[in-house]
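# Analysis of the macromolecular model
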Amino acid sequence: MILLRRLLGDVLRRQRQRQGRTLREVSAAARVSLGYLSEVERGQKEASSELLSAICDALDVRMSEVMREVSDELSLAELAAMSSLSEGELLRPVLEPVSLPAPGADRANLSPKTAAMDVVAA
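Residues numbered from 1 in each chain as written. Predicted model: local features only at pLDDT ≥ 70, side-chain atom pairs only at ≥ 80, totals over all residues. Heavy atoms only, no water.

## Quick word on the confidence of the model for the protein chain
Within the protein chain, residue pLDDT values average 81, and 69% of them lie at 70 or more. Within the protein chain, the lowest mean pLDDT, 45, falls on helix α7 (residues 112-121), and the highest, 98, falls on helix α2 (residues 23-30). The model gives residues 113-122 a pLDDT under 50, and that stretch makes ten contacts with residues more than four places away or in other chains. (pLDDT = per-residue confidence, 0-100. Helix = DSSP H or I, 4+ residues; strand = E, 2+ residues; numbered from the N terminus. Contact = heavy atoms within 4.5 Å.)

## Description of the nonpolar core
Formed by 19 residues in total, the largest nonpolar core has its most connected members in Leu8, Leu12, Leu37, Ile55, Leu59, Val66 and Val70. Per-element tally for this core: the top contributor is helix α4 (residues 49-59), with six residues. Ignoring anything within four residues of it in the chain, the contact list for Ile55 reads Leu12, Ala30 and Leu37. (Core = buried A, V, L, I, M, F, W, Y, C linked by side-chain atoms within 4.5 Å. Buried < 20%, exposed > 50% of the residue type's maximum accessible area, 1.4 Å probe, protein only.)

## Focus on unusual backbone geometry
Here the phi dihedral of Arg31 falls at roughly 60 degrees; this positive angle occurs in a residue that is not glycine. Positionally, Arg31 belongs in the loop between α2 and α3 (34-41). Phi is positive for Asp60, close to 55 degrees, though the residue is something other than glycine. Accessibility expressed as a relative area gives 71% for Asp60, which makes it exposed.

What follows is the structure in structure tokens.
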């Protein structure tokens, strides 16, 4: 399962590290505890929109830029998850197959549903 909070935390951590800043510096600028920011970066806590806004302001990065990066990573994670499915799983039929009676079978012993499907199939 893909966790959005983990992807968001990864993006925020990369943004901070690109700037060469410490958790302590960003937590002070965002006015959030160092421990809480650390948990957000590790994907252990969900960031509220207010907290995310404060962190983005502290990092001097637009929230839309952070969310775009998260969206791109989510798309890649979904594709990776899909490619790990076998071809059989991807092509699994949506409906269960129905076995129809052989031509000339005794219709008197068929249920109305099976008889109707036989007529449609013929």
